[in-house]
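# Structure at a glance
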Amino acid sequence: MADKLPEQKQDLVVIGNGMAGMRTVEDLLKIRADDFNITVFGAEPYGNYNRIMLSPLLAGEKQLDEIMINSREWYDDNGITLYSGDPVEAIDRKRRIVYARSGAEVPYDRLLLATGSNPFVIPVPGNDLDGVITFRDVDDVNGMLDASKSQRKAVVIGGGLLGLEAANGLMKQGMEVTVVHLMDALMERQLDAPAAKMLQASLEERGLTFRMEAKTEAILGRKRVEGVRFAGGDQLKADLVVMAVGIKPNIELAQSAGLHCERGVIVNDTMQTYDPRVYAVGECVQHRNATYGLVAPLWEQAKVCATHLAQVGSGRYEGSVTSTKLKVTGIDLFSAGDFVGDENTEDVVFQDPRRGVYKRIVLRDNKVAGAVLYGDTGDGGWYFQLMKEGTDVSEFRDRLVFGRAYAEGGDPANDAGVADLPDDAQICDCNGVCKGDIVAAIGEHDLKSVAAVGKQTKAGTSCGACQDAVAQLVEATLGEGLEAAPDKITVCECTDLSHDEVRAAIVHRHLTTTAAVREALDWREPDGCHKCRPALNYYCVASWPDEAEHEDASRFINERAHANIQKDGTYSVVPRMFGGVTNPRELRAIADVAEKYDIPTVKVTGGQRIDMLGAKKQDLPAIWRDLREQGGLVSGHAYAKALRTVKTCVGKEWCRFGVQDSTTLGVELEHLTWGSFMPHKFKMAVSGCPRNCAEASIKDFGIVCLESGYELQVGGNGGTRLRGADVLCRVKTPEEAREYCLAFIQLYREEGHYFERTAPYIERVGLDHVKACVVDDAENRKALAERFNHSQQFAQTDPWEARSAQGVNREHYIPLKEVS
Amino acid sequence: MAAVMTDAEWIEIGRLEDIPRLGARTVGMPDGDIAVFRTSADEVFALKDACPHRGGPLSQGIVHGRKVTCPLHNWCIGLADGAACEPDEGHTTRYAVENRDGALFLCPVPKE
Ligand code: SRM
Ligand SMILES: Cc1cc2nc3c(=O)[nH]c(=O)nc-3n(C[C@H](O)[C@H](O)[C@H](O)COP(=O)(O)OP(=O)(O)OC[C@H]3O[C@@H](n4cnc5c(N)ncnc54)[C@H](O)[C@@H]3O)c2cc1C
Ligand code: SF4
Ligand code: FES
């Protein structure tokens, strides 16, 4: 084949639609988007996904679409031809053509091998039985997930990173898991004995069983696996066997094409194989006699390879030093370099068994040669950096183990942290994002949150271990920017006014519609946006209960539809069960509805009531009608920034410890407060005694009954950020308890910022302020309670009845037209 | 390449006032719903009722200016171009819809 002229597009064929291959293509597109016709072959029937996230996928912490790196659209948008589910079976290097299983024949000017590696399957009888699975790709994970549904006992062979992550995932899926390991210590290639022991102990605590120093001799079973037998003859039952004993570079194709291979495909420092037109990256390569099984090296290889493909390359790949993290949620473990040491090394060790922290740093002539951290891995990145740069640590050697903040002197508060790492320091190992990329992105797109950075750069979106580091970078980078900017939080980008300013204007200038507010306070966007419209709507209605009306167009869909939208566009229906108390009539009505409208899931919620999930939108009005007519049931506002639930316990009525009638008090409170809209959702609970079975101390308003009366608690939150409630005061009678409750709610309704739960509200205004308004000033308390009751006249109409019986907004629930 | 549209392909779907201002209604199609939006300026736009992110029903979102915010994860989609706003990336299929003095006509053939 004749070479192409420079201005002609080169044909680049990539074999392997995995992490290294696609990263190289991404890097190449950044440098020379238009010089290549790119064709990618992938044996797996998917786009390109983040393989390391298979562990969280198995553990149920992520969904497949969340671990995709490049969707099919990405390939289209970049003019890349993707043959997925179509392995390449042969390469003709003379004619420069690849042949795929589908029969596709594609010529190339440059060829990139990125075939990864294959899981190693131990050569024992029975290793091909049904139910014997490896842990390498999405199909393996699906296999394990299916098995976990019907099977109980799993045996994982291999106590390394993969094995432990597989075991943890299967355990999370409800299986009984035994890990079988050949050695006497887990992850012996990454951990020293003490760390390995701590790891094993905490995994045992979580429910894993270990069988150490056990050599698997055979896998037993006729068609499907039934157990494993060990050297020495004893056996273990198993419905599923996962082999996670290691990987071997996938070089068959390269070998059959006559490319020089040893353990892997041999490449030089420019990632070229012995055939200069053929490049190779990732786990399939052997470079300077090393092969790798981690992603960090591939990011470096990809960068170098891309520059050379683009012919702008002088960069060389000189091998990688790697570090390891274990992705088992709740276990922090870090390991890098030579952590065992020898006669020429010294150890610096820190141990705090109570906190479960262990650190060992291995020094060779005052340079970090390796590190093992368990329990507190915050400084892993820093040690790794010191190690890679061969920094002399003599001056702060005595403080080294206490981490960067102390070692480099100064006060840990103004964290030395990542702020002063070099730009090429890798912050996100999972996605190979360097500090430089992040800082640049923050500047270019003025990103203000970890989430925003994640969206732009992918940093922190995989295992999340680096999110603190990213947060520090956001702060550090915006540092000056922040001073410059007005130091108040505006309602949204449409205005420079704060929540309090807007609200004051609504009250003093008598504004009753969101349009009027935007007009009067000259909003930048005439229509506002999805952030400010719901807020303005709330402020108007809360300030002018007898005049302002809720504007559907300005409410989040759940409040418009009066049901919770689900990820598939269906809805959930949660009727109110006052105080969590129900009866046969209500239950019968729910049962009938569930059958009649074939509701896929009926679930008891965390709020002491019943959720019917998966209802079709068109059915909602009819469902509500049936619930009301047959069960007398009304909306539970489970979808609204409003009073949600009042949890109660059985209390004095039944419980041998109960000292007051918590159930009745809870039911009464819910009758008084249902339908009331608030800045955010509002949850209450009443417990019959200090054992607090209704969890009153994590509620927005909680009551704990005492012999002597009632303890009132406010500002608890059991959600994203756990916050125990503050004690507001103690009162003697249920009447008082009710009045204080209504007064507190009204105060929050009048002062809370939209979307601010009571927890952050109280942290903002201070508990003393709340006490001053509600406890110390009886007049004010009464006034607040009255204002609350006044607004309830207008609020306590059941939205479900209005929409089913009186046909309010019927059009919301039916399509404009059906075309068949 | 833009699909050639003959009047035959246009379907009458209802009247402008059937759609709430700053809102949307859906038109059920054999291959999934099409969302028809009405802005505060009474312009109408039609998009496939599926967010480029994870297929969320855009018809249920909050409409502002010539944009709609998806109810599931707050991606913001341009009504005119069907494109996700920065920093998100993706497109939703667009359809032609016309307001012929109050009567709305939809052409169920994707634009280009
Ligand atoms: C159904 C339910 C889970 C269950 O099956 O038990 C649930 C379901 C949802 N919760 Fe919840 N939460 C449910 C009890 C809770 C609880 C437990 C409780 O209420 O005792 C909490 C922690 C307690 C608390 O809120 O302080 C809880 C903390 C949250 C949070 C975090 C709130 C926070 O301030 O951090 C969110 C997110 C939010 O509200 O922004 C949330 C959001 C959601 C949403 C609405 C997510 C969404 O926007 O779609 C879920 C709707 C599912 C649906 O369509 O029904 N849910 N949620 C529970 C309904 C209770 C009810 O009967 O109304
Ligand atoms: C469960 C699990 C957890 C992991 N966790 C971590 C971690 O926490 N940290 C870390 O650094 N690393 C981790 N790794 C390792 C990391 O995923 C790999 O190092 C990385 O994926 C290697 O990338 P690659 O492109 O070389 O190979 P791959 O990502 O495997 O890509 C190779 C692709 O080529 C395809 N292919 C093979 N032959 C052909 C052919 N003939 N034609 C077409 N396509 C072909 C394969 O199907 C595969 O899709 C983990 C791996 C697994 C399996
Ligand atoms: S929001 Fe609540 S219900 Fe939904 S997944 Fe999270 S915890 Fe479960
Ligand atoms: S589906 Fe629309 S934002 Fe996620």
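As the structure is a computational prediction, the values presented were derived from the model and not from experiment.

### Remarks on the overall build of chain B
Looking only at helices and strands, chain B has 0 helices and 9 strands in total. Helices and strands appear in chain B in the N-to-C order β-β-β-β-β-β-β-β-β. Partitioning the contacts of chain B with sequence separation of at least 6, the portion at a separation of at least 24 is 40%.

### Quick word on the packing of helix α24 (residues 767-776) of chain A against helix α25 (residues 778-795) of chain A
Residue and element names in this part refer to chain A. Contact geometry of α24 with α25 gives a least axis separation of 6 Å together with a crossing angle of 85°. Here α25 runs roughly perpendicular to α24, going by the angle between their axes. Between α24 and α25, the contacting residues are C773, V774, V775 and D776 on the first element and A778, N780, R781 and L784 on the second. Partitioned by chemical class, the residues of the contact of α24 with α25 number 5 nonpolar, 1 polar and 2 charged.

### A short note on the site of ligand 1
Residue and element names in this part refer to chain A. In the neighbourhood of ligand 1, 22 residues make up the surrounding shell, with Q566, T605, G606, R609 and K681 lying closest. K681 is positioned such that a nitrogen or oxygen atom in its side chain is 2.6 Å from an oxygen atom of ligand 1. When residues of the shell around ligand 1 are traced back to their parent elements, those giving at least two are β33 (610-615) and β34 (643-648). When the residues that make up the shell around ligand 1 are grouped by side-chain class, the tally is 2 nonpolar, 12 polar and 8 charged.

### Looking at the side chain of D726(A)
Residue and element names in this part refer to chain A. Take D726: it is sitting in strand β38 (residues 726-731). Of note is the side chain of D726, whose polar atom sits 2.8 Å from the side chain of R723. Apart from residues lying up to four places away in sequence, D726 is in contact with L712, Q713, V714, I762 and L767.

### A closer look at the site of ligand 2
Residue and element names in this part refer to chain A. Around ligand 2, the surrounding shell holds 32 residues, and the nearest of these are E44, R136, E283, V295 and K327. V88 is positioned with one of its backbone polar atoms (N or O) 3.0 Å from a nitrogen atom of ligand 2. In the environment of ligand 2, an oxygen atom lies 2.7 Å from a nitrogen or oxygen atom belonging to the side chain of R136. Within the complex, 92% of the 990 Å² of free accessible area of ligand 2 lies under protein. Contributions of two or more residues to the shell around ligand 2 are made by α1 (19-31), β2 (36-42), α2 (54-59), α6 (161-172) and α9 (295-309). Of the residues contributing to the shell around ligand 2, the split by class is 16 nonpolar, 10 polar and 6 charged.

### Observations concerning the pattern of salt bridges
All names here are of chain A. With the rule as written, the count across this model stands at 54 salt bridges over all chains. One salt bridge connects R524 with D496, and the closest N-O pair in it is separated by 2.4 Å. A residue pair is termed long-range when its members are at least 10 positions apart, and R524 in the loop between α16 (514-520) and α17 (532-543) and D496 in the loop between α14 (467-484) and α15 (499-508) qualify at 28 residues. Assessed through its relative accessible area of 46%, R524 is described here as partly exposed. Taking relative accessible area as the criterion, D496 reaches 48% and is therefore assigned partly exposed. Residues R781 and E739 are paired through a salt bridge, measuring 2.9 Å at the closest nitrogen-oxygen approach.

Definitions and limits used
Residues numbered from 1 in each chain as written. Chains lettered and ligands numbered in written order. Predicted model: local features only at pLDDT ≥ 70, side-chain atom pairs only at ≥ 80, totals over all residues. Heavy atoms only, no water. Helix = DSSP H or I, 4+ residues; strand = E, 2+ residues; numbered from the N terminus. Contact = heavy atoms within 4.5 Å. Axes fitted to C-alpha atoms, helices over the stretch in contact; angles between N-to-C directions. Parallel < 35°, antiparallel > 145°, perpendicular 65-115°, else oblique. Nonpolar A, V, L, I, M, F, W, Y, C, P; charged D, E, K, R; others polar. Near = heavy atom within 4 Å. Polar contact = N/O pair within 3.5 Å; in protein donor to acceptor, adjacent residues only side chain to side chain. Areas by Shrake-Rupley, 256 points an atom, 1.4 Å probe, with all protein chains shown as cover. Salt bridge = Lys/Arg side-chain N within 4 Å of Asp/Glu carboxyl O. Buried < 20%, exposed > 50% of the residue type's maximum accessible area, 1.4 Å probe, protein only.

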